[in-house]
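Coordinate inspection notes
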Amino acid sequence: MPSEDLEKIARNIIAEAKRAGATDCDVTISTRSAVETTVRMGEVEKLEGAQMRGVEFRALVGHKSASTSTSDLSASAIKQMVRDTIAMAEASEADPYSGLPEVEDLCTGYPELNLYDPSIAEIAVERKIELAMAAESAAREADSRITNSDGASFNDSSGAFIHANSRGFVGGYQGSHVSLSAGVVASKDGEMQTGGWWATSRDFKGLESPEKVGKTAAQRALRQLGARKVKSQEVPVIYDPLMAARLLSQFIGAASGAHIYRKSSFMVDKLGEMVANSIVTVIDDPLMPGRLGSKPFDSEGMKCQTRTLIKDGRLETYLLSSYAGRKLNCKPNSGSVGNLYLKPGDSTPESIIESVKNGLLLTSVSGMGFNAVTGDYSMGASGTWIENGKLAYPVSGITVAGNVLEMFGNIEAIGNDLNFRSSTVSPTIKISKMTVAGE
């Protein structure tokens, strides 16, 4: 459905809600088409397409509010949804902090962010299968120790998004994603290790080649063959970019306004305080053209802007939706992030490894061992042990543990290898001391 038609539906919903008694309201309409193409052992395993659309509607009657959603865009269904939602709002408890963003915080104009690649819709099914096959073949043929495949996939999606509210905001944009992934099993002397890799992009030309995706998947499986435990000890731990990005997401997630006003975060009362080593700067930039997390406005219609969340180790701001802003008596700045990254340093990953006499290069974690209230962190882990500045042997079945505030305070080196392969990214980081529990 064209964006113009979605915008017309959104305007009609706002008008209908006003007629039915809502004092304020907002609506989000999204449509998306997606195709998943999966192969395994040289055969097509799955070809699945989907067409999705949905409406999310919120009505306010004074400070009472309710929300509903539907996938039925017919006039009668929407009219019923609006009236049911208003009735629910009238029956709810009043919350003095509920409401839409103030008009001055709404987005009034935005740059072209190149979020949509029309060529993705033109890719033939045969080509999608060919790309997935090529990725799997590259992985399976990388080494004789690659003995099985978890399959390879080429996925693509595109759609449109419209948000409107009763305070005059109407905005929308088209977006697209394409991804390629592969997973394989490496075996030696009865031991098996799995490894995988993926690439994703807003546009087709930005996608990594199938050969690179497949070979990287194979390398990640092969490098863990022969893994063993190490003795429990305190050592420096180097987080590779994927692990560092995951850690960054957990760290910044604790700065969300909801965590702060609920007093459920170690970041409470830390505004303006040092929360990391002075070499750490964390930025959120939703306005980077073509990036995976880019967007011109947030889910409330508030304007997106580049924010320095942590500057030289000091917490500059929380992530504040309009609700959180009212609860905390602060100006809102959006409760979500776009392209979140840790600012790169000058060190190469190789030089960071060379700086460690005895420690761990962390390449994988498992489990849910992060407590946002206390910052306590404990994860199952695997990676490569470092001896005298060299990668020595793979390790697994270990646990890395610390406290996230202390861990960010102990970051003593940051790599220069930042790559925007996801919406949250980080270069390699070195934490001077963590507990590694093994034998």
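Residues numbered from 1 in each chain as written. Predicted model: local features only at pLDDT ≥ 70, side-chain atom pairs only at ≥ 80, totals over all residues. Heavy atoms only, no water.

1. Quick notes on the overall build of the protein chain
- The helix and strand inventory of the protein chain stands at nine helices and 17 strands.
- Taking 2.2 N^0.38 as the reference for a compact globule, 439 residues should give roughly 22 Å; the C-alpha atoms of the protein chain span a radius of gyration of 24 Å, in line with that estimate.
- Taken along the three principal axes of its C-alpha coordinates, the protein chain extends 70 × 55 × 35 Å.
- Looking at the protein chain as a whole, 49% of its 439 residues are labelled buried. (Helix = DSSP H or I, 4+ residues; strand = E, 2+ residues; numbered from the N terminus. Rg over C-alpha atoms; globule rule 2.2 N^0.38 Å. Buried < 20%, exposed > 50% of the residue type's maximum accessible area, 1.4 Å probe, protein only.)

2. Comments concerning a nonpolar patch on the surface
- Together, V44, L47 and V125 line one region of the surface with nonpolar side chains, adding up to about 230 Å² of accessible area.
- Looking at where V44 falls in the secondary structure, it is placed in strand 2 (residues 43-61).
- Residue classification places V44 among the partly exposed positions, given a relative accessible area of 40%. (Patch = residues over 30% accessible without salt bridge, like charges linked within 9 Å, V, L, I, M, F, W, Y side chains within 5 Å. Areas by Shrake-Rupley, 256 points an atom, 1.4 Å probe, with all protein chains shown as cover. Salt bridge = Lys/Arg side-chain N within 4 Å of Asp/Glu carboxyl O.)

3. Side note on the sheet that holds strand 9 (residues 307-311)
- Reading across the sheet, the five strands line up as 10-9-8-11-16 and stay open at both edges, with mixed pairing between neighbours. Every other strand in the sheet has two partners, leaving strand 10 (314-315) and strand 16 (424-425) as the edge strands with one partner each.
- Examined bridge by bridge, strand 9 and strand 10 share two bridges and lie antiparallel to one another. If you follow I310 over to strand 10, its bridge partner there is L315. (Pairing = 2+ DSSP bridges.)

4. Quick notes on the sheet that holds strand 5 (residues 170-188)
- Spatial ordering of the open sheet is given by 3-2-1-4-5-6, a layout of six strands whose pairing is antiparallel. Of all strands in the sheet, those with a lone pairing partner are strand 3 (64-70) and strand 6 (191-201), marking the two edges. Neighbour-to-neighbour, the strand axes of this sheet turn through a mean angle of 15°, independent of strand direction.
- Note: strand 4 (residues 146-165) against strand 5, 17 bridges, orientation antiparallel. Paired with S158 across the bridge in strand 5 is S176.
- Lying on the sheet, helix 2 (residues 75-91) is in contact with strand 2 and strand 3; it crosses strand 3 at an angle near 150°. (Axes fitted to C-alpha atoms, helices over the stretch in contact; angles between N-to-C directions. Contact = heavy atoms within 4.5 Å.)

5. Overview of the packing of aromatic side chains
- Counted according to the given criterion, the structure contains 13 aromatic pairs.
- With a centroid separation of 6.4 Å and an interplanar angle of 80°, the aromatic rings of Y97 and Y323 are classed as edge-to-face. Residue Y97 is located in the loop between helix 2 and helix 3 (125-140), and its partner Y323 is located in helix 7 (residues 322-328); the two are separated by 226 residues in the primary sequence.
- Relative accessible area serves as the criterion here: at 32%, Y97 is assigned to the partly exposed category.
- The exposure class assigned to Y323 is partly exposed, which follows from its relative accessible area of 24%.
- When the centroid spacing of 5.6 Å and the interplanar angle of 70° are considered together, the rings of Y173 and F297 count as edge-to-face. A residue pair is termed long-range when its members are at least 10 positions apart, and Y173 in strand 5 and F297 in the loop between strand 8 (282-284) and strand 9 qualify at 124 residues.
- For Y173, a relative accessible area of 21% translates into the label partly exposed.
- For F297, a relative accessible area of 1% translates into the label buried.
- Each member of the aromatic cluster is reached from another via a ring pair, and the members are Y110, F161, F169, Y173 and F297. (Phe/Tyr/Trp six-rings, centres within 6.5 Å; stacked < 30°, edge-to-face > 60°.)

None of the figures reported here should be taken as evidence of function without further support.
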